[in-house]
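One-letter residues, chain by chain:
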Amino acid sequence: MTTLIVIDQAPYGTWVGREALDMAFSLAAFDQPAALLFIGAGVAWLRRAQNAAGIGQKTLEKNLSAAPLFGIEQLFAEQTACERFLPDPDSRVKGITMAGSVNHLLEQYDHVVFAG
Amino acid sequence: MTTLIVIDQAPYGTWVGREALDMAFSLAAFDQPAALLFIGAGVAWLRRAQNAAGIGQKTLEKNLSAAPLFGIEQLFAEQTACERFLPDPDSRVKGITMAGSVNHLLEQYDHVVFAG
Amino acid sequence: MSPALHPGTLHILNKAPGHSRFITCLANLTNQDTLVLTENAVLAASDADTKLPEGTVALGADIEARGLSDAMPVEKQIDHQQLVRLTEQYARIISW
Amino acid sequence: MSPALHPGTLHILNKAPGHSRFITCLANLTNQDTLVLTENAVLAASDADTKLPEGTVALGADIEARGLSDAMPVEKQIDHQQLVRLTEQYARIISW
Amino acid sequence: MSTSLSYTLVITGAPWSSQAAQTSLAFARAVITAGHRLDRVFLYGDGVHLASALSAPPSDEPHWPQQWSEFLSEHQIPGIACIASALRRGLVDEREQARYELSAHNLRAPFQIAGLGEWVDSTLTSDRVLYFHGSA
Amino acid sequence: MSTSLSYTLVITGAPWSSQAAQTSLAFARAVITAGHRLDRVFLYGDGVHLASALSAPPSDEPHWPQQWSEFLSEHQIPGIACIASALRRGLVDEREQARYELSAHNLRAPFQIAGLGEWVDSTLTSDRVLYFHGSA
């Protein structure tokens, strides 16, 4: 049972991405294989130097950096979306695996889940 | 004080269009000038022969037909969206005014409002 | 004894054409997959800009609600019972 | 005495690039209008596919939240006080 | 014919904002009619509003929280609202009311409040897990 | 400097689903700081959830319904939840609780329940009406 959680919404403006992370961390907490895939505007989650204090939210970049520690197996990002929103590789958080073909990746997981 | 209520979401799947109609009818009930503009997938509101009984909702086509009776001044529809989603003019409810240029129309109202 | 499972993915799509998830879903279908349109996604049946894959089906109740009965062949309109049957046949189901 | 009102429209946009309302908003700006990016719309500052009109500004707190401080010139980042000042100057304001 | 399967439905769209409550209920009824088992219904995100005891729609409109709760009771299917989603959104049972010293509780029976572990369990034990999102 | 203006804010996005509660509150504070008047805050659609008395977010997160209600009380600004939106979504005051024979009420003071006529009045009497939608 492998699960791929997909995030296609930008951070902070909606809650869906955050709830997707919670799902991924829950699977990991129960020792279930989980990976995250960021597509479309969702790749904005992967930008460095986020600071959401000014909008009264927790900065979630740290949670992502900690994902491997908590047992999340991989962070995938749609390559074309990264080229669009994060063209400079230095602007991206570390440890992302680029996915050139999203549908090829979807086929490799038993469950593919959006959080909302 | 003229108000243009804009609907850009398809009917039934979300509540926003319906709440936009309620706003328009409220203005009319208080004798305030109100018009509706349907753009994008929102033009699907203007298709004839809707029947939402099977999904447990009220069919709102009738409300639209009654709009002029209740004092709503005009129903505008974005022309390109109609060509995309309602190419057959016979498939459209009666009494729609085509808007070739949306921004030209927006400029003619004091208030331009989305319901959500 | 379990019947043979379909090798592809069942995609259940409820977003209207123009929604970014609608676009992403259609861009990621493979030949083995089946697409089911529900809720606002049934507008694709009358969308001049969308080319639906061959075997696409749509929930009849949603088609009827939106006045699209003439835009979708009857044999491609399914009810919830038929949707359940589809979910029996696919191990991988994605709700977009 | 009321100061002269700006003849154009103030557009306040909070949808991310790729959202249909983001696309509609950008397609309907005129030369007299001013665009303010808030919430998820500030991603436009780093979007290779979006060309923002000259005078576009963005809420600094939303820019900072999303790590985009380097992608938007400081003089185009406004706070809520400056947003209020803009709303004083425009009679027509559209929240997309 | 086909073997009996077990299902979990996850609802993330709110009633009266999305069509999720209606579509999922029609699907759930068809699951039972087909002879399958519904292990659990899990409300997540905005979906927790389906468990509100205080919804009062106009009398000529379907009452989705009521219809869903009657369906769950009739078939003895557990209905779980995710605790993290529910507390933020103001859906609480008596226990959470007491813990957070709130003025009332508003969780409709037979819905219960529990954690994401219930969802993880579904991914492990149900043959199919289906999601019903909003369409905005 | 500039003349004092009157504002109405209409909030249609729910807290913990959208950023609308936060953005609108920051804007409202700036309106007051600038010496303008806030005639009214009107909650519509999913925005009515901001008036929940039962929200219980984690203690290290901002509590938007509480912050908004304190702001309204401090500045004596009317906060109105649209009745049609509120009843469907399970937001009721004592009067609606009694009328619909519900088990509790959950409207946070000083929010009140009223009709769209209040919004119509704002479009006529406020110099500016601004909308705070969700961004999904």
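Preceding this section is the structure that the text describes.
Remember, predicted model here, so these are calculated numbers, not experimental data.

Engineer: Residues and numbers for the environment of K62 of chain A, please.
Structural biologist: Residues and elements named next belong to chain A. Relative to the helices and strands, K62 resides in helix α2 (residues 61–65). For K62, a relative accessible area of 61% translates into the label exposed. Sequence spacing of K62 and R48 is 14 residues, and the spatial spacing of their C-alpha atoms is 9.5 Å.

Engineer: For the relation of the copies chain E and chain F, give the residues involved together with the corresponding values.
Structural biologist: When chain E is fitted to chain F, the best match, at an RMSD of 0.0 Å, comes from turning it 180 degrees and sliding it 0.0 Å along the axis. Interpreted geometrically, this transformation is the action of a two-fold axis. Comparing interface residues between copies, 100% of those in chain E also lie at the interface in chain F; the contact surface is shared.

Engineer: Could you give an account of the arrangement of the chains, with specific residues and numbers?
Structural biologist: For the twelve pairs of chains in contact, the largest share of contacts goes to chains E and F. As for chain E relative to chain D, no contact occurs, and the smallest C-alpha gap between them is 10 Å. Over all C-alpha pairs, chain C and chain F never come within contact, reaching a minimum spacing of 10 Å.

Engineer: An account of the interface of chain E and chain F is needed here, citing residue identities and associated values.
Structural biologist: With 24 residues of chain E at the contact, the number on the chain F side is 24 residues. Buried surface at the junction of chain E and chain F, both sides included, amounts to about 2,000 Å², of which 55% is carbon and sulfur. Looking only at chain E, the three residues that lose the most surface to chain F are L54, A56 and R88 of chain E, adding up to 35% of its buried area. Scanning the region where chain E abuts chain F turns up two salt bridges. A salt bridge links E61 of chain E to R88 of chain F; its shortest N-O distance comes to 2.7 Å. Considered class by class, the residues forming the side of chain E that touches chain F number twelve nonpolar, eight polar and four charged.

Engineer: Residues and numbers for the packing of aromatic side chains, please.
Structural biologist: Using the criterion set out here, one finds 14 aromatic pairs over all chains in the structure. For the pair F25 of chain B and F70 of chain B, a centre-to-centre distance of 5.6 Å together with 90 degrees between the ring planes defines the contact as edge-to-face. Of this pair, F25 of chain B sits in helix α1 (residues 16–29) while F70 of chain B sits in the loop between α2 (61–65) and β3 (74–78), placing them 45 residues apart in sequence. Centre to centre, the rings of W68 of chain F and F71 of chain F are 5.6 Å apart; their planes meet at 90 degrees, and the pair counts as edge-to-face. With W68 of chain F and F71 of chain F both in helix α2 (residues 64–75), this residue pair falls three residues apart, about one helical turn. In this pair, the class of W68 of chain F matches that of F71 of chain F, namely buried. Of the aromatic side chains, those joined through ring pairs into one cluster are Y7, F27 and F132 of chain E.

Engineer: Outline helix α3 (residues 80–89) of chain D, listing residues and values.
Structural biologist: Taken together, the buried positions of α3 of chain D are occupied by H80, L83, V84, L86, T87 and E88 of chain D. Between the side-chain oxygen at the start of α3 of chain D and the backbone nitrogen of Q81 of chain D there is a gap of 3.1 Å, and the oxygen is on D79 of chain D.

Engineer: I'd like a description of the sheet that holds strand β2 (residues 34–38) of chain B, backed by residues and values.
Structural biologist: Residues and elements named next belong to chain B. The five strands are arranged β4-β3-β2-β1-β5 in an open sheet whose pairing can be described as parallel. Two strands lie at the open edges of the sheet, namely β4 (96–99) and β5 (111–114), each paired on one side alone. In this sheet, adjacent strand axes meet at a mean angle of 30 degrees when their direction is disregarded. By the bridge criterion, four bridges tie β3 to β4 in an arrangement that is parallel. Each bridged residue has a counterpart across the sheet, and for E78 the counterpart in β4 is A99.

Engineer: If you had to explain unusual backbone geometry to someone new, which residues and values would you point to?
Structural biologist: Residue A109 of chain E is joined to P110 of chain E through a cis peptide bond whose omega torsion reads 5 degrees. Within the secondary structure, P110 of chain E sits in the loop between α4 (94–99) and β4 (112–114). Positive phi outside glycine occurs at D31 of chain B, with the angle close to 60 degrees. By the secondary structure assignment, D31 of chain B is in the loop between α1 and β2. Assessed through its relative accessible area of 70%, D31 of chain B is described here as exposed.

Engineer: Break down the side chain of H11 of chain C for me, with residues and values.
Structural biologist: For H11 of chain C, the position within the fold is in strand β1 (residues 6–13). If we skip the residues at most four places from it in the chain, H11 of chain C touches C25, N28, L29, D33, T34, L35, V36, I94 and W96 of chain C.

About the cut-offs
- Here the residue numbering is sequential within each chain, running from 1 through the sequence in written order.
- The order in which chains are written sets their letters, starting at A; the order in which ligands are written sets their numbers, starting at 1.
- Since the coordinates come from a predicted model, pLDDT governs what is reported: local features require at least 70, and pairs of side-chain atoms require 80 or more to be given and counted, while whole-chain, interface and lining totals use all residues.
- Computation of side-chain values: all heavy atoms of the structure, hydrogens and water removed.
- A run of H or I in DSSP becomes a helix once it reaches four residues, and a run of E becomes a strand once it reaches two; helices and strands are each numbered from the N terminus.
- A 1.4 Å probe rolled over the protein chains alone gives each residue an accessible area, and that area as a share of the maximum for its type sets the label: buried under 20%, exposed over 50%, partly exposed in between.
- In superposing the copies, a least-squares fit is computed on C-alpha atoms, taking residues whose pLDDT is at least 70 in both.
- Any two residues having at least one pair of non-hydrogen atoms within 4.5 Å are treated as being in contact.
- In this description, buried area is defined as the sum, over both parts, of the accessible area (probe of 1.4 Å) that is lost when the two are combined.
- A carboxyl oxygen of Asp or Glu within 4 Å of a side-chain nitrogen of Lys or Arg is what we treat as a salt bridge.
- Lys, Arg, Asp and Glu make up the charged group, whereas Ala, Val, Leu, Ile, Met, Phe, Trp, Tyr, Cys and Pro make up the nonpolar group; the residues left over, Gly among them, are polar.
- Two rings from Phe, Tyr or Trp (for Trp, the six-membered ring) form a pair when their centres sit within 6.5 Å of each other. Planes less than 30 degrees apart are called stacked, planes more than 60 degrees apart edge-to-face, and all others tilted.
- In the analysis that follows, any N or O atom pair within 3.5 Å is treated as a polar contact, provided that within protein one partner can donate a hydrogen and the other can accept it, and provided that, for residues neighboring in sequence, both atoms belong to side chains.
- In this scheme, strands are said to pair when DSSP sees at least two bridges between them.
- Angular values range over 0 to 180 degrees, each being the angle between N-to-C directions of two axes fitted as lines to C-alpha atoms, with helices fitted over their stretch in contact.

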